[in-house]
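Overview (structure and organization)
For reference, the chains in residue letters:
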Amino acid sequence: MNVTVILEHRFVQTPDGAVWTQTMFAYPFWQRYLEVFDRVKVVARILPVASPPPDWIRADGAGVSFIAVPYYIGPEQYVLKAFSVKQAVRNAVAFNDAVILRVSSQLASDVYPFLRRTRHPYGVEVVADPYDAFAPGSVKHPLRPLLRWWFPRQLRRICAGAIAAAYVTERALQQRYPPAKEAFSTHYSSVELPVEAFVTAPRSPTSEMQSLTLITVGTMDQLYKAPDVLLYAVAACVRGGLDLKLVLLGDGKYRGELESLAAKLDLGERVQFLGDVTAGEAVRTQLDRADLFVLPSHQEGLPRAAIEAMARSLPCIGSTVGGFPELLPPEDLVPPGNVPALASKIREVVTDPARMARMSARNWEKSKQYRDELLQKRRIAFYRYIRETTGAWLKQKTQTCRTYANKPGFYDKKPGF
């Protein structure tokens, strides 16, 4: 049985048909599904390009193909292409395919009415919270309050109609977007942590450390990860006498605005914008050069970047949203959007080497709970349930079709499809 996976990520495609991605959803990610399914069909936005951007990685490969929907960025472009987008997503779902929706996702919302009408079973992998994604300060859009009301409501409907639900959190997302009572439910992160992702021992910060480097990782297409809040907090710490540097990994339409903000705050050479960095060794190299990982997000599912930093034994500061409280203790968390609280927390941590050492050891141990071999067991159980349940549905549908095939009007209106 094949599986159709629908998600919100954007890819590019070269003239030879190859599909490429910058940091997430490269070919090894999709190989997880191939342990249960015969083929993987990925439905997503794909932009045709003449050649792959530098350092991008192949996303397609043996057993993994892509189905493109019309490319758009943002609500305005989506509205202009909504009809063709919805048509493309619906056409991508074959009668005999298993279906998995990675949500929250506009494309998932587009295909949901079709799945509900035809009663085609589907599973959901819940990876983000739209309520937090559209919180004040996270998105700059005049319709933000309306979108914050609409998308969580839609996601609750999608989760309630799924035969199986897998969440990246242990509790947080389940509480806001519960599965149906009879649905199969599990949790696992999308993070990829092979053996080489882990350091061999925790760090040992010392009192001799004078200048410290902070690092953050996240897209700049929106301000979900609150890089602007972090810049303000670092500036406050520097004005207070701390010798800090900040490295930002990630890119997007707000990068220029953030660079201007750093200059306005007189951070100068203290801030480095490295842009998109290829996942894996390149990111780990930057993490190893830093002393503290900070991610004051407005919204999260379970922050993969934080787990990757923890595997490198970095002390981490996060916000109180999403799955962060499942990773870090309360003393390492701050309210989202609160610059004074974040600045105070950074000062608390970087001026206490003993605390940084404790954070390093604790984070390193916690990250081991997200090793590939442990998470894959839960993924396989989820995939198998979807395959078996979809197979039973197909068998029932086939029997129904055979029963009614000779009845008048059957070909005018087939059951289900």
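In this numbering scheme, every chain counts its residues from 1 along its sequence in written order. Local features are withheld for residues below a pLDDT of 70 in this predicted model, meaning they are given only at 70 or higher, and side-chain atom pairs are given and counted only at 80 or more; totals for whole chains, interfaces and linings count all residues. Based on all heavy atoms of the structure, the side-chain values leave hydrogens and waters out of the count.

1. Focus on helix 7 (residues 227-239)
Our working definition: Numbering of helices and strands runs from the N terminus, with a helix taken as a DSSP run of H or I at least four residues long and a strand as a DSSP run of E at least two residues long. Take the residue count of a helix, subtract one, and multiply by 1.5 Å to get its expected span. Three labels apply to residues, based on accessible area from a 1.4 Å probe with only protein chains included: buried if under 20% of the type maximum, exposed if over 50%, partly exposed otherwise in between. We call two residues in contact whenever any of their non-hydrogen atoms come within 4.5 Å of each other.
Here helix 7 contains 13 residues, and its C-alpha end-to-end distance of 18 Å stays within 8% of the 18 Å for a straight helix at 1.5 Å per residue. Among all positions of helix 7, only Pro 227, Asp 228, Val 229, Leu 230, Leu 231, Ala 233, Val 234, Ala 235 and Cys 237 are buried. Residues of helix 7 that are buried in the fold lie against strand 10 (212-217), strand 11 (244-249), helix 8 (255-264), strand 12 (271-275), strand 13 (292-295) and helix 12 (339-350). Trailing helix 7 by a residue or two, Gly 241 shows a phi angle of about 105°, which is positive.

2. Let's talk about the environment of Asn 338
Counted only if it meets this: For the purposes of these results, a polar contact is taken to be a pair of N or O atoms within 3.5 Å, where, inside protein, one atom must be able to donate a hydrogen and its partner to accept one; residues adjacent in sequence count only when each atom of the pair is a side-chain atom.
Mapped onto the secondary structure, Asn 338 falls in the loop between strand 15 (333-334) and helix 12. Among the polar contacts made by the side chain of Asn 338, one reaches the main-chain amide nitrogen of Ala 341 at a distance of 2.9 Å.

3. Some remarks on the confidence of the model for the chain
Note the threshold: The pLDDT value expresses, per residue, how confident the predictor is, ranging between 0 and 100.
Looking at the chain, the pLDDT average stands at 91 and 95% of residues meet or exceed 70. The element-level mean pLDDT for the chain is lowest in helix 4 (residues 130-133), coming to 82, with strand 13 highest at 98. Here residues 413-417 is modelled with pLDDT under 50, and outside its nearest four sequence neighbours on either side it reaches 10 contacts, counting other chains as well.

4. Structural notes on the environment of Tyr 177
With respect to the element layout, Tyr 177 can be found in the loop between helix 6 (172-176) and strand 9 (184-187). Judged by its relative accessible area of 0%, Tyr 177 falls in the buried class. As for Tyr 177 and Thr 278, which are separated by 101 residues in sequence, their C-alpha atoms are 32 Å apart. Among residues more than four places away in sequence, those in contact with Tyr 177 are Asp 129, Pro 130, Tyr 131, Pro 152, Leu 155, Arg 156, Cys 159 and Tyr 167. Within the local environment of Tyr 177, its side chain forms a polar contact with the side chain of Asp 129, the two groups lying 2.4 Å apart.

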